[in-house]
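# Results of the structural survey
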Amino acid sequence: MAYIISIIPALLAGVKITLLLFLGTIIMAIPLGIITSLGLLSAIKPLKLILKFYIWIMRGTPLLLQLIFIFYGLPIIGIIFQRYDAALVALVMNYTAYFAEIFRGGFQSIPKGQYESAHVLQLNYWQTLRYIIIPQVSKIVIPAIGNEVINLIKDTSLVYVIGLGELLRAGNVASARDVTLIPLVMVGIIYLLITGMISFLLKRIELNYSKWK
Amino acid sequence: MLELKNITKKFGSKIILNNLNLTILDQQILAIVGSSGAGKTTLLRCLTGLEKIDAGHFYWNQREFNPIEQNKNKQIMGVVFQNYELFPNLNVIDNITLAPRLVLKNTPQELQTAVQKLLLELDLTGKERLYPYQLSGGQKQRVAIARALAMKPQILCYDEPTSALDPALRNKVAKIILQLKNNTGMTQIVVTHDMEFAKQIADRIFTVNTLAN
């Protein structure tokens, strides 16, 4: 027990990085995903092509490689990020691509009549999106977004590759130093607690949307 | 008075409306009848700005107007869609008040007075907090009428208002349309394939052959 208590501060420091990366990515990647999906559905062909290319790259290469490229590769052309910033940029860029594809599917499933109805009521584009379309799209995409959100919390562990001390790395360091698996078991329990809380929150959000069909 | 002069609408090489001229007098109920695919709904969509015409002009009280860019302070056309197109994420009251609140900038007091009157007239009292999926077909249609009327249009258009209704509800819609005429003198355009219904409500009937010119 005394050993467990002794490694808690190190693990909590790791949890802090993990949660900061997770929240930072969610806050930025969801709105960017919505904007990107609108770009994918726009009539501007060059924009669509650029966004499709971006999504192809982000979904077609491993996140680990993207992390390495952003932290170690970009300095070659003079773009230098701190470790945390590099991790955040990579996660946001990667998850924006996935969210964009999910939202694109959501937007495409809204009947044309909803847009027309808003149009004859003279709602402008943003009012239509804000009050009519995005709430309906959100309800449709929540299960898929939920899966990605759970994946994200686990994917934050990949930032060890650029030397950032998140939760798994903190557990690994303690495990190697003290030659015991206890830190890694604790890391597993902490991940389960975090994903459990996120799943609970997602269920509440789903429940909130279930009052209309 | 609404005037349509030399309206032409094509889909590709297919001419749907060919040099159409039509005048609709104030307080008149015009029924446009005809078989499916004859162009009656297309005409309604052109009038309400949902389709762009290829040639021709629209005049409202001798002043030309473009249905695609209606004046927000004085909406000319209101529409009740065939399948109502209520917003599923909004309850009855929000479906009715969203556009007047955002577009007409009605105050809460103005909204409340107007909405209570509409709910009473359209037999929707007590349904304020229900969502569209909780309403019957007839109730949905009455909410769609209330939503269109809340924007204070000069002309109210209906697309196939009886297509999904049983005979009893059909008579109820006819009563509402006639009541609107008697109480407010509103000009109304009703697209329908139902000749009996057209005879029941209309001051004037246009058949597809008239439209085809």
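Placed above this text is the structure.
About the thresholds
- Residues numbered from 1 in each chain as written.
- Chains lettered and ligands numbered in written order.
- Predicted model: local features only at pLDDT ≥ 70, side-chain atom pairs only at ≥ 80, totals over all residues.
- Heavy atoms only, no water.
- Helix = DSSP H or I, 4+ residues; strand = E, 2+ residues; numbered from the N terminus.
- Rg over C-alpha atoms; globule rule 2.2 N^0.38 Å.
- Buried < 20%, exposed > 50% of the residue type's maximum accessible area, 1.4 Å probe, protein only.
- Contact = heavy atoms within 4.5 Å.
- Areas by Shrake-Rupley, 256 points an atom, 1.4 Å probe, with all protein chains shown as cover.
- Lys, Arg positive; Asp, Glu negative; His and termini not counted.
- Charge placed at Lys NZ, Arg CZ, Asp CG, Glu CD.
- Core = buried A, V, L, I, M, F, W, Y, C linked by side-chain atoms within 4.5 Å.
- Expected span 1.5 Å × (residues − 1).

### With respect to the overall build of chain B
Regarding its fold elements, chain B presents seven helices and nine strands. The C-alpha radius of gyration computed for chain B amounts to 17 Å, which stays within 12% of the reference 17 Å derived for 213 residues, consistent with globular compactness. When the backbone C-alpha atoms are referred to their principal axes, chain B occupies close to 50 × 40 × 35 Å. Counting only residues that meet the buried cut, chain B has 55% of its 213 residues in that class. Taking the contacts inside chain B whose residues are at least 6 apart along the sequence as the reference set, 70% of them involve residues at least 24 apart. Carbon and sulfur atoms provide 47% of the accessible area of chain B, an area that totals close to 9700 Å². The positive charge centre, built from 25 side chains, and the negative charge centre, built from 18, are 2 Å apart in chain B.

### Regarding the nonpolar core
Counting 59 residues, the largest nonpolar core has L11, F99, F103, F107, L123 and I198 of chain A as its most contacted members. Looking at this core, the elements with two or more residues in it are α1 (2–41), α3 (63–73), α4 (83–108), α6 (125–155), α7 (167–178) and α8 (182–209) of chain A together with α2 (92–102) of chain B. Sequence-distant contacts of F103 of chain A, that is, excluding residues within four places in its chain, are made with I30, G33, I34, S37, V137, V141 and I145 of chain A. By size, the runner-up hydrophobic cluster in this structure holds 36 residues, among which are A144, L149, I176 and V190 of chain B.

### Regarding helix α4 (residues 137–149) of chain B
Here α4 of chain B spans 18 Å end to end across 13 residues, near enough to the 18 Å set by a 1.5 Å rise per residue. Within α4 of chain B, 11 of the 13 residues are buried, which leaves the element mostly enclosed by the surrounding structure. For α4 of chain B, the full list of buried residues reads G138, Q139, Q141, R142, V143, A144, I145, A146, R147, A148 and L149 of chain B. On its buried side, α4 of chain B packs onto α5 (112–120) of chain A together with β6 (77–80), α2, α3 (108–121), β7 (155–159) and α5 (167–184) of chain B.

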